[in-house]
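In case you want the letters, here they are:
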Amino acid sequence: MLKQHDYSCEKDCFQKIKVENAVGLTLGHDITEVRPGEYKGPAFRKGYKVQESDLCHLMRLGKRHLYVLDLNENQVHEDEAVIELANALAGPGVTFEARPREGKIQLIAAYDGLIKVQVDPLTEFNLIPDVMCASIHNNTPVKKSRRLAGTRAIPLVIERDILDQAVSLATASFPIFAVKAFNAVSARLIITGNEVYEGLIEDRFEAIISRKLAAYGSTLAETVILPDDQDQISSTVRRFLEMDTDLIITTGGMSVDPNDVTRLGIQSAGVDRVHYGAAVLPGAMFLLAYKENTPIVGIPACGLYHPTTIFDLILPRLLAGERPNARDLARLAHGGLCLDCATCRYPACSFGKI
Amino acid sequence: MQDFETLLKGSAEAHGHLCPGQVVGVRMAMLGCELIELDNPRQLPQIKKIIVYVEIDRCATDAIAYVTGVKLGRRSLKFIDNGIMAATFVNLETDRAFRIRSTEKSRELAAEYAPEIRDKHLQQLEAYKRMPTDLLFKIQAVDVKIPIHNMPGPTRFKATCRNCGTVVRDKKDVYQNGKILCRSCAFGAYYELSKEKNANIKNKNL
């Protein structure tokens, strides 16, 4: 994005002065100290107010002149500004580094969860001159301490009214960034298919579902294997709904084969709403239904063969307490194509990113 | 910084007894301070420059806190419940940080370094005083990024639990199912409420 910067302001803010005259003034740059084989790093940081006791140290470092910042009351140093920006951007579950590095601050997850980004306000924020914020994608599952976004004031010195404008925008749309904690749920699984029920093939779904739930701290309370029988599937869904079940998962039977009756079994179990089909590959025949607040998920056979499917996009949202609707499922279209890479790198890829 | 014996005496008094853990803790803290170049961390201005992460809540932790002056209430002492005899010393001004772990080998070598002492407790105590640093400790240079909500200084963040109304400070709140909650309401508490006992409190019949 092209922005206009008032670089003349930046130049005017610097003064080159003798070290002995710098007491009480603010350093315009880091001063590095090198002790061979022992230490290399900043002895004094940009923005530091020079003290009388620092003069000898500065002289030892060979400094005879310094660039100091001479800010007027309408100007804010980038390190102070970025703290204000981060504070306004970081909602619940989002914290940030205590100290800016190279004028930037990284926003980080305070705990495991699902990052929520208000994309439109974030865009508006970035239309304000001299500030920026870049983030990872909305709805990405994140671990504690994971970097979520980076923000900075672009010039070394920012005008107070521009900073206030950015902070006001972020505050009005608060929270632009939040992390929703996952609920540790107790799920029940119905594996459908005559071939599994009759022992012709061994089930592999249970291990996959169990592993994917465990990644978010949830567990499988019960697994049943059923034939492709609508009534049995329906009655089992009803039984699970009457029990202490947070999430019901079914596998198989979602296609158009005459034996594929799992969808019918769920529909006839008295659910409130059913969304069948989603704009995701793999996962076009995915089903998402709700009975009151309890989700019922129908995973098509692709869940066996592809390491990552629509289930991986929807599960974290369900565990974060969200109840995606038909529009949410349709919205997955942009980014909903898995490229079937030889080695799955999800979530470090475009799949499911909107 | 005071000498080892003076610090050990003070640490033992503060902790309540002299033990091998005190020796390990005092030596670890002195080494940690040396590595991050703080020679007087218990007093201003250095008291504001140090943070120590301890990974165990045993005797050595008290010694580390005594030598360095770090305190939970000052937010300069951080407890990471790993069950490992280790601590990380951070200089906030320079960002230098070192993690020091007590080695298991030092326990095996105790007899070698204090062979004249039969009592195991006393033998460890003396051996840990004599043992070279490289046998007693494993040292790692580390990078610790401390988020703003864990820094010392005034409270910057407050939130109110939508469930119980308690104010939660320092970003320890949890955003769950569309509500800001305290950790107890979100994940369960470490205690259970007793209706009977609480009724007694209400009636001032403790």
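Below is a short write-up of the structure. (Residues numbered from 1 in each chain as written. Chains lettered and ligands numbered in written order. Predicted model: local features only at pLDDT ≥ 70, side-chain atom pairs only at ≥ 80, totals over all residues. Heavy atoms only, no water.)

Quick word on the overall build of chain B
Convention followed: Numbering goes from the N terminus for both helices and strands, where a helix is a DSSP run of H or I of at least four residues and a strand is a run of E of at least two. To sort residues, take the accessible area from a 1.4 Å probe on protein chains only and compare it with the maximum for the residue type: under 20% means buried, over 50% means exposed, and anything in between is partly exposed. The contact definition used throughout considers only heavy atoms, calling two residues in contact when any of these lie within 4.5 Å. Note on areas: these come from Shrake-Rupley sampling with a 1.4 Å probe, and a residue is covered only by the protein chains present in the view. In this tally Asp and Glu are treated as negative and Lys and Arg as positive; neither His nor the chain ends contributes. To locate a charge, the coordinates of NZ of Lys, CZ of Arg, CG of Asp or CD of Glu are taken.
Broken down by element type, chain B carries eight helices and nine strands. The 206 residues of chain B split such that 46% are buried. A fraction of 58% describes how many contacts in chain B between residues 6 or more apart in sequence connect residues 24 or more apart. As presented, chain B carries roughly 11700 Å² of accessible surface, and 49% of it is formed by carbon and sulfur atoms. Charged side chains of chain B number 33 positive and 24 negative; the gap between the two group centres comes to 10 Å.

Notes on the packing of helix 1 (residues 4-15) of chain B against helix 3 (residues 59-68) of chain B
Residue and element names in this part refer to chain B. As a reminder of what qualifies: Note on definitions: angles span 0 to 180 degrees between N-to-C directions of axes, and those axes are lines fitted to C-alpha atoms, for helices only across the stretch in contact. An angle below 35 degrees is read as roughly parallel, one above 145 as roughly antiparallel, one from 65 to 115 as roughly perpendicular, and any other as oblique. The sense of a crossing depends on the near helix, which, turned anticlockwise from the far helix by less than a right angle, makes the crossing left-handed and, turned clockwise, makes it right-handed. When residue character is reported, Ala, Val, Leu, Ile, Met, Phe, Trp, Tyr, Cys and Pro are called nonpolar, Asp, Glu, Lys and Arg charged, and the others, Gly included, polar.
Packing of helix 1 against helix 3 leaves a shortest axis separation of 9 Å and a crossing angle of 120 degrees. Taken together, the axis directions place helix 1 and helix 3 in an arrangement best described as oblique. Two packed elements cross with a definite hand, and for helix 1 against helix 3 that hand is right-handed. Contacts between helix 1 and helix 3 pair Leu7, Gly10, Ser11, Ala14 and His15 from the former with Cys59, Asp62, Ala63, Tyr66 and Val67 from the latter. Each residue belonging to the contact of helix 1 with helix 3 can be placed in one class, and the counts come to six nonpolar, three polar and one charged.

Structural notes on a nonpolar patch on the surface
Residue and element names in this part refer to chain A. Operational definition: Patch definition: residues with relative accessible area over 30% and no salt bridge; like charges joined within 9 Å; nonpolar side chains (Val, Leu, Ile, Met, Phe, Trp, Tyr) joined within 5 Å. A pairing counts as a salt bridge when a side-chain nitrogen of Lys or Arg comes within 4 Å of a carboxyl oxygen of Asp or Glu.
On the surface, Val256, Tyr276 and Met285 cluster together to form a nonpolar patch covering roughly 280 Å² of accessible area. Here methionine 285 lies in the loop between strand 18 (273-276) and strand 19 (287-291). Judged by its relative accessible area of 33%, methionine 285 is partly exposed.

What about the sheet that holds strand 4 (residues 97-102) of chain B?
Residues and elements named next belong to chain B. Rule in force here: Here, any two strands with at least 2 DSSP bridges between them count as paired.
One open sheet holds the five strands; their spatial order is 2-1-3-4-5, and the pairing between them is mixed. Each end of this open sheet is capped by a strand with a single partner; those strands are strand 2 (77-79) and strand 5 (137-142). With strand direction ignored, the average angle separating the axes of adjacent strands in the sheet is 20 degrees. Where strand 3 (residues 86-91) and strand 4 come together, five bridges link them in antiparallel fashion. Within the sheet, the bridge partner assigned to valine 90 lies in strand 4 and is alanine 97. Packed onto the sheet, helix 3 meets strand 1 (50-54), strand 2 and strand 3 and runs at close to 175 degrees relative to strand 1.

A closer look at the side chain of Lys116(A)
Residue and element names in this part refer to chain A. Selection rule: Polar contact is the term for a pair of N or O atoms within 3.5 Å; when the atoms are in protein, one must be able to donate a hydrogen and the other to accept it, and sequence-neighboring residues count only if both atoms are side-chain atoms.
Tracing the backbone shows lysine 116 in strand 9 (residues 113-117). What makes lysine 116 buried here is its relative accessible area of 17%. Looking at lysine 116, its side chain comes within polar contact range of the side chain of glutamate 322, at 2.6 Å. Those residues in contact with lysine 116, other than ones at most four positions away along the chain, are Asn138, Asn139, Ile176, Phe177, Ala178, Lys180, Arg317 and Glu322.

Quick notes on the interface of chain B and chain A
Test applied: Joining two parts hides part of their accessible area as seen by a 1.4 Å probe, and the buried area is that hidden amount summed over both.
Across the boundary between the two partners, chain B contributes 21 residues, which contact 26 residues of chain A. Taking both sides of the interface into account, the surface hidden between chain B and chain A amounts to around 1900 Å²; carbon and sulfur atoms contribute 49%. Applying the counting criterion to the chain B and chain A interface returns two salt bridges. A salt bridge links Arg99(A) to Asp95(B), with the shortest nitrogen-to-oxygen separation between them at 2.7 Å. Our enumeration of links across chain B and chain A arrives at 13 residue pairs in polar contact (both at pLDDT 80 or more). Of the residues in the side of chain B that touches chain A, the class split is ten nonpolar, four polar and seven charged.

Some words on the environment of Leu213(A)
All names here are of chain A. Following the sequence through the fold, leucine 213 ends up in helix 7 (residues 205-214). Separated by 99 residues in sequence, leucine 213 and aspartate 312 place their C-alpha atoms 9.9 Å apart. Beyond its immediate sequence surroundings of up to four residues, leucine 213 is in contact with Ala187, Ser218, Thr219, Leu220, Leu247, Ile249 and Leu315.

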